[in-house]
Amino acid sequence: MSAGGGTVALASSSAIRTLTRRLEAVVVRFRPFFPFIHAAMAVFFVALIVGPAILPQSALTQRVAGAANWLIWGLWFPLVFLSVIFTGRSWCGTLCPMGAASEWVNRVGLKRPVPGWLRWEGTPIVSFLLVTILGQTVGVRDYPGAILEVFGGTLIAALTIGFVYGRGREKRAWCRHVCPIGLLLGVFSRLGIVDLVPKRPVAGGDAYTERGLCPTMIDLKRKTESRHCVMCMRCVQPERAGGLQLRLRPPGEEVAEIDRHHPTAAEVWFLYLGTGVSLGGFLWLVLPQYQWLRQTIGAWAIDHGWDWIGESGPSWLMVVHPEAREVFVWLDFLLIVGWMVGVMLALTVILAALNALTAWLAGWLRAGGRAWSPAAISRASSRNHSSDGNATARGTAAAGLAKPWRTASSASSARTRSGASGSRKSTVPSAMEYAPAAMSSSA
Ligand code: SF4
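Being a predicted model, the structure only gives us computed values, none of them experimental.

1. What about the overall build of the protein?
(1) Moving on: When helices and strands are counted, the protein shows 19 helices and 4 strands.
(2) Moving on: Out of the 443 residues belonging to the protein, those deemed buried represent 29%.
(3) Moving on: For the protein, the proportion of contacts with a sequence separation of at least 24, taken over those separated by at least 6, is 72%.

Quick look at the structure:
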């Protein structure tokens, strides 16, 4: 880099440091107001889900219900997902009424240690799948009663978990272990440009602790991943030498260097299963093949004397709205559930196969395929003429073998793991390093 370029880089990094310190100061100043924001959000949320469901039907209440529906699905959901890209799970820590309510009851609750079944990484996946499927069968996008059931039920579950589990100060076992969208937001928070990092990091990777300050049980000194951080900001204490500090980073940096940020197989499974079940919930509404399947199975069941399949079930399980001329029967319920699960499994197989193929190709390309491309050979040969004795090996690695998404730091850590020689063979990870099972074991 030229002297001019170096000066510009220094100036910009100093400007970013100044900006982050100012942001920290703002956060600390406004942190005492967070509880008031939580309380206001809780009142608003309860009014939004309860009001349209219990008010007597009239033109006015229909307009209110329409507005509530739009606020939830047209504004709230998109904005929450958009915010994750910029500020991680800031919604969870600063605005979400369920997380706050769970924490409030934790203060007066039983404070039991979080049991193993709740800490299982698959719990939020199961939670997401159940809520998504139930939302479809009760018509959560169309009926105020269904909104009350799904969101009200989720709130009650959050209160129960918060009351019973979580030792120490104001824990949020719900946000970390169960919330149906917590894992979704957590996975995408890895893309966020705002991160909190320990001022005095301790080596060894992320750890779980119910003893510290963090409501989502992060061992603060060992934090390297964004997934569980709800950006409550209570660990940001600029006047102290310890704690966490704000850091701005390029979007996607954590994903690009995922092997240094505690990847887990649960995230991969969640991406497969969650994408599949969501797609299934959309496809049954629009595909004519679904209607064909319904007719065919319905006719077959009636022919075989399964008349119960044409009867309606309880309204907490399926749409029963004769006033809107929409009533599901058991056939609809079973078929929607089966369809969503079927699409989920099919997409999981397809995505897992594609993932395995790309992992294999990445390993194959890295191991040799790309090294034989004309560009790689010509770049490698030009480096071979450098005066450095190790240039052959390093030139080949840099030209043909380095993964495009791997940064210098992760590439150097791969070299460190495999010895100081930097030889081509020792720096080549196998394709399996990127497979879910390998990520699981590294976690
Ligand atoms: S790491 Fe800090 S900001 Fe994140 S959840 Fe824990 S205490 Fe809150």
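2. A look at the packing of helix H10 (residues 182–189) against helix H12 (residues 265–286)
(1) Moving on: Between H10 and H12, the least distance of the axes is 11 Å, while the angle of their chain directions is 115°. The two elements H10 and H12 meet at a crossing, and its hand is left-handed. On H12, the residues that touch Leu183, Leu184 and Val187 of H10 are Glu267, Phe270, Leu271 and Gly274.
(2) Moving on: The residue makeup of the contact of H10 with H12, split by class, is 5 nonpolar, 1 polar and 1 charged.

3. With respect to the packing of helix H7 (residues 123–138) against H12
(1) Moving on: Relative to each other, H7 and H12 sit at 5°, their axes nearing to 10 Å. As far as their axial angle goes, H12 and H7 are roughly parallel. Contacts between H7 and H12 involve Ile125, Phe128, Leu129, Thr132, Ile133 and Gln136 from the former and Ala266, Trp269, Phe270, Leu273, Gly274, Val277, Ser278 and Gly281 from the latter.
(2) Moving on: A breakdown of the residues in the contact of H7 with H12 according to their chemical character gives 9 nonpolar, 5 polar and no charged.

4. A few points about the nonpolar core
(1) Moving on: Of all hydrophobic cores here, the largest spans 63 residues; its most connected members are Ile125, Trp174 and Leu273.
(2) Moving on: Residue assignment places this core across two domains, with domain 1 (13–260) and domain 2 (268–442) each supplying three or more.
(3) Moving on: Excluding residues within four positions of it along the chain, Trp174 makes contact with Gly99, Ser102, Ala158, Ile161, Gly162 and Cys179.

5. Points about H7
Counting along an α-helix, one turn takes 3.6 residues, and residues three or four places apart therefore face a common direction.
(1) Moving on: The terminal C-alpha atoms of H7 lie 22 Å apart, and with 16 residues this matches the ideal 22 Å at 1.5 Å per residue to within 8%.
(2) Moving on: Looking only at H7, the buried set comprises Pro124, Ile125, Ser127, Phe128, Leu129, Thr132, Gln136, Thr137 and Val138.
(3) Moving on: Trailing H7 by a residue or two, Gly139 shows a phi angle of about 75°, which is positive.

6. Concerning the confidence of the model for the protein
(1) Moving on: Looking at the protein, pLDDT values average 83 and 80% of them are 70 or higher.
(2) Moving on: Here residues 384–443 is modelled with pLDDT under 50, and outside its nearest four sequence neighbours on either side it reaches 82 contacts, counting other chains as well.

7. Quick look at the environment of Leu244
(1) Moving on: Considering the arrangement of structural elements, one finds Leu244 in strand E2 (residues 244–248).
(2) Moving on: A tally of 25 C-beta atoms within 10 Å means that Leu244 is categorised as buried.
(3) Moving on: Along the chain, Leu244 and Pro198 lie 46 residues apart, while their C-alpha atoms are 4.3 Å from each other.
(4) Moving on: Those residues in contact with Leu244 that lie beyond four places of it in its chain are Leu196, Val197, Pro198, Lys199, Leu220, Lys223, Cys235 and Val236.

8. Digging into the environment of Val329
(1) Moving on: Here Val329 lies in the loop between strand E4 (326–327) and helix H14 (330–369).
(2) Moving on: Separated by 20 residues in sequence, Val329 and Ile309 place their C-alpha atoms 6.6 Å apart.
(3) Moving on: Not counting the four nearest positions on each side in its chain, Val329 is found in contact with Ile309, Gly310, Glu311 and Ser312.

9. Brief notes about unusual backbone geometry
(1) Moving on: Despite not being glycine, His262 shows a phi value in the positive range, around 55°.
(2) Moving on: Looking at the secondary structure, you find His262 in the loop between helix H11 (253–256) and H12.
(3) Moving on: Here Arg325, not a glycine, exhibits a phi torsion of approximately 55°, which is positive.
(4) Moving on: Inspection of the secondary structure puts Arg325 in the loop between strand E3 (320–321) and E4.
(5) Moving on: Taking the C-beta count within 10 Å as the criterion, Arg325 has 6 such neighbours and is therefore assigned exposed.

The rules behind each value
Residues numbered from 1 in each chain as written. Predicted model: local features only at pLDDT ≥ 70, side-chain atom pairs only at ≥ 80, totals over all residues. Helix = DSSP H or I, 4+ residues; strand = E, 2+ residues; numbered from the N terminus. Buried ≥ 20, exposed ≤ 12 C-beta atoms within 10 Å, placed from the backbone. Contact = placed C-beta atoms within 7 Å. Axes fitted to C-alpha atoms, helices over the stretch in contact; angles between N-to-C directions. Left-handed = near helix turned anticlockwise from the far one by under 90°. Nonpolar A, V, L, I, M, F, W, Y, C, P; charged D, E, K, R; others polar. Parallel < 35°, antiparallel > 145°, perpendicular 65-115°, else oblique. Core = buried A, V, L, I, M, F, W, Y, C linked by C-beta atoms within 7 Å. Domains from an automatic or database assignment. Expected span 1.5 Å × (residues − 1). pLDDT = per-residue confidence, 0-100.

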